[in-house]
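Working through the structure, step by step
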Amino acid sequence: SILVKHYGQEISGRSNIPGLVARMAVQSLLSIGLCLCVMDEKWMGVLALSAIFLVVTASYYVIPRKKFDLKFAVPMVPIVPSLCILFNVYLISSLGVWAYVRFFIWNFVGLCVYFFYGVMHTREPTSEELSGQTYRKTRGGIALMDIKRDSLREDTVLLSGERSA
């Protein structure tokens with residue numbers, strides 16, 4: 001996200017996102033290759049892939065970058081995020097099979113909870129509610145607020161990109 005924040009902005013009239021995604025994908029693949037070479041102790045492969053990784057990391061300096069006036073910023077962008085990609089891929093690749101099994105089981109459980117909670121606690125507003133009548137939004141039987149929605153006007157403003165004064 002740090003790389004997208006700094007380099008993903010449209011500065012020169014076109015989006016930098018495709019090039020940024022391609023660079024991050026290449027770095028991820030190079031990280032996997034580096035991990036495999038380190039585990040097999042193929043040091044010439046490690047040297048070659050490290051050089052390519054550094055060239056890809058240096059290529060971020062060619063992308064136009066948005067300047068931010070922040071009180072705190074991540075130091076040495078893009079070097080630190082690129083090294084984070086490398087180290088995280090190495091750590092993930094050094095995990096055992098049972099860690100992946102537990103990971104997928106817990107992700108499945110979490111997705112089920114998320115899905116079934118959403119199904120049980122979501123409702124579609126009625127046509128009377130959408131037509132602009134005032135209705136009371138409730139949560140667990142407790143009234144939270146009265147809402148008056150002028151949907152046609154709000155949707156038109158949102159779609160046109162205009163902002164109200």
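Each chain has its residues counted from 1, running along the sequence as written. At least 70 in pLDDT is required for a residue's local features to be given in this predicted model, at least 80 for side-chain atom pairs to be given and counted, and no such filter applies to totals for whole chains, interfaces and linings, which use all residues. As a rule here, side-chain values come from all non-hydrogen atoms in the structure, and water together with hydrogens is ignored.

Turning to the packing of aromatic side chains, a few remarks are in order. Any pair of Phe, Tyr and Trp rings, taking the six-membered ring for Trp, is counted once the centres come within 6.5 Å. Such a pair is stacked with planes under 30 degrees apart, edge-to-face with planes over 60 apart, and tilted for the rest. For the coordinates displayed, the defined rule picks out two aromatic pairs. Ring centres of Phe103 and Phe104 lie 5.2 Å apart, and the angle between their planes is 70°; on these two criteria the pair is classed as edge-to-face. Only protein chains enter the calculation, and the probe is 1.4 Å; a residue is then buried if its accessible area is under 20% of its type maximum, exposed if over 50%, and partly exposed in between. The class of Phe103 is partly exposed, set by a relative accessible area of 47%. For Phe104, a relative accessible area of 53% translates into the label exposed. Measuring from ring centre to ring centre gives 5.2 Å for Phe115 and Phe116, while their planes differ by 75°; the resulting arrangement is edge-to-face.

Going from Val77 to Pro78, the amide bond is cis rather than trans, its omega being 15°. In DSSP terms, a helix is any run of H or I states spanning at least four residues, a strand is any run of E spanning at least two, and both are numbered starting from the N terminus. Looking at where Pro78 falls in the secondary structure, it is placed in the loop between α3 (43-58) and α4 (79-93).

Nonpolar side chains (Val, Leu, Ile, Met, Phe, Trp, Tyr) within 5 Å and like charges within 9 Å form the patches, drawn only from residues with over 30% relative accessible area and no salt bridge. Throughout, the Shrake-Rupley method with a 1.4 Å probe supplies accessible areas, and for residues the shown protein chains are the sole cover considered. Basic side-chain nitrogens of Lys or Arg form a salt bridge, by our definition, when they fall within 4 Å of a carboxyl oxygen of Asp or Glu. Side chains of Val97, Trp98, Val101, Ile105, Trp106, Phe108, Val109 and Val113 sit close together on the surface and give an oily, nonpolar patch of about 900 Å² of accessible area. Along the polypeptide, Val113 turns up in helix α5 (residues 97-121). By relative accessible area, Val113 is classed as exposed at 54%.

What follows deals with the packing of helix α2 (residues 17-39) against α3. The interhelical angle for the contact between α2 and α3, taken along N-to-C directions, is 165°, at an axis separation of 9 Å. Considering their axes alone, α2 and α3 lie roughly antiparallel with respect to each other. As α2 runs across α3, the sense of the crossing is left-handed. When α2 is examined against α3, the residues Arg23, Val26, Gln27, Leu30, Ser31, Gly33, Leu34, Cys37 and Val38 are found in contact with a partner set consisting of Trp43, Gly45, Val46, Leu49, Ser50, Ile52, Phe53, Val56 and Thr57. Here the term charged refers only to Asp, Glu, Lys and Arg, the term nonpolar to Ala, Val, Leu, Ile, Met, Phe, Trp, Tyr, Cys and Pro, and the term polar to all other amino acids, Gly among them. Of the residues assigned to the contact of α2 with α3, the class counts are 11 nonpolar, six polar and one charged. Between the N-to-C directions of two axes lies an angle of 0 to 180 degrees, each axis being a line fitted to C-alpha atoms and, for a helix, fitted only over the stretch in contact. In these notes the angle categories are as follows: under 35 degrees is roughly parallel, over 145 is roughly antiparallel, 65 to 115 is roughly perpendicular, and the rest is oblique. Left-handed is the label given to a crossing in which the near helix is rotated counterclockwise from the far helix by less than a right angle, and right-handed is the label when the rotation is clockwise. Should any heavy atoms of two residues lie within 4.5 Å, those residues are counted as being in contact.

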